Amino acid sequence: METPLPEKLQLLMNWSEADDIIARSNFSLYYFNGSSLDSYEEGAPFYMLLTMCILYAVILLCGVVGNVSTCIVIARNKHMHTATNYYLFSLAVSDMMLLLAGLPQEIMHTPFK
């Protein structure tokens with residue numbers, strides 16, 4: 001014989017089932033800009049998306065230029081070949097790899113959030 005679940009637990013279970021149904025479907029929310037049903041915008045307003053994309057591009061450019069210049073300075077100067085600078089070199093390389101692997105994808109997926 002099953003004991004009935006408390007009401008709060010039943011509500012929580014129903015909420016997670018509805019959340020799973022929405023997550024599995026290709027349902028997305030659009031809001032209309034009022035001109036026609038054919039023109040809609042998804043997610044944030046355009047000015048916010050443009051600002052975020054420009055900001056991400058500036059971060060990407062500064063990060064790549066800074067890390068490449070750090071690597072060049074350490075590699076070309078003999079007196080910079082110390083254990084600490086080798087560690088900084090490896091940090092610059094790993095930071096550049098993270099920037100190049102993650103930030104362009106973030107820029108591309110920003111309009112769809």
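If you're wondering where the values come from, they're calculated on a predicted model, not measured in any experiment.

Trainee: Before we go on, may I ask you to explain the nonpolar core in this structure?
Mentor: Nonpolar side chains tend to gather and get buried jointly when the protein is soluble and globular. Membership of the largest hydrophobic core is limited to 5 residues, which are Tyr56, Leu60, Leu99, Leu103 and Ile107. Elements with a minimum of two residues in this core: α2 (46-76) and α3 (83-109). With 3 residues, α3 is the single largest residue contributor to this core. The residues contacting isoleucine 107, other than those within four sequence positions of it, are Cys53, Tyr56 and Ala57.

Trainee: Can you help me understand the side chain of asparagine 85 in this one?
Mentor: Positionally, asparagine 85 belongs in helix α3. For asparagine 85, a relative accessible area of 13% translates into the label buried. Among the polar contacts made by the side chain of asparagine 85, one reaches the main-chain carbonyl oxygen of methionine 80 at a distance of 2.9 Å. When neighbours within four sequence positions are excluded, asparagine 85 is seen to be in contact with Ile74 and Met80.

Trainee: Explain the confidence of the model for the chain to me, please; I cannot follow it from the model alone.
Mentor: When pLDDT drops low, the exact placement of atoms in the prediction is not to be read closely. The predicted model of the chain has a mean per-residue pLDDT of 75, with 58% of residues at 70 or higher. Confidence, read as mean pLDDT per element, is least for strand β1 (residues 30-32) in the chain (44) and greatest for α2 (92).

Trainee: Would you take a moment to explain α3 for this structure?
Mentor: Side chains of residues three or four places apart in an α-helix project in the same direction, reflecting 3.6 residues per turn. For α3, built from 27 residues, the straight-helix expectation of 39 Å at 1.5 Å per residue is met to within 8% by its first-to-last C-alpha distance of 39 Å. If you look at α3, its biggest bend is around 25°, right at glycine 102, and the proline proline 104 turns up within four residues after that. Turning to α3, its buried residues number three or more, namely Asn85, Ala92, Met96, Leu99, Leu103 and Ile107. Where α3 is buried, its residues touch α2.

Trainee: So what exactly am I meant to see when it comes to the packing of α2 against α3 here?
Mentor: In a packed pair of helices, the relevant descriptors are the angle between the two axes and the axis-to-axis distance. The contact between α2 and α3 brings their axes to 9 Å, and the two run at 155°. The orientation of α2 with respect to α3, classified from their angle, is roughly antiparallel. Note on packing geometry: the crossing formed by α2 with α3 is left-handed. Here the residues of the contact of α2 with α3 sort into 19 nonpolar, 4 polar and 2 charged.

Reading the values: rules and limits
- Residues numbered from 1 in each chain as written.
- Predicted model: local features only at pLDDT ≥ 70, side-chain atom pairs only at ≥ 80, totals over all residues.
- Heavy atoms only, no water.
- Core = buried A, V, L, I, M, F, W, Y, C linked by side-chain atoms within 4.5 Å.
- Buried < 20%, exposed > 50% of the residue type's maximum accessible area, 1.4 Å probe, protein only.
- Helix = DSSP H or I, 4+ residues; strand = E, 2+ residues; numbered from the N terminus.
- Contact = heavy atoms within 4.5 Å.
- Polar contact = N/O pair within 3.5 Å; in protein donor to acceptor, adjacent residues only side chain to side chain.
- pLDDT = per-residue confidence, 0-100.
- Expected span 1.5 Å × (residues − 1).
- Bend = angle between axes of the 7 residues up to and from the residue.
- Axes fitted to C-alpha atoms, helices over the stretch in contact; angles between N-to-C directions.
- Parallel < 35°, antiparallel > 145°, perpendicular 65-115°, else oblique.
- Left-handed = near helix turned anticlockwise from the far one by under 90°.
- Nonpolar A, V, L, I, M, F, W, Y, C, P; charged D, E, K, R; others polar.

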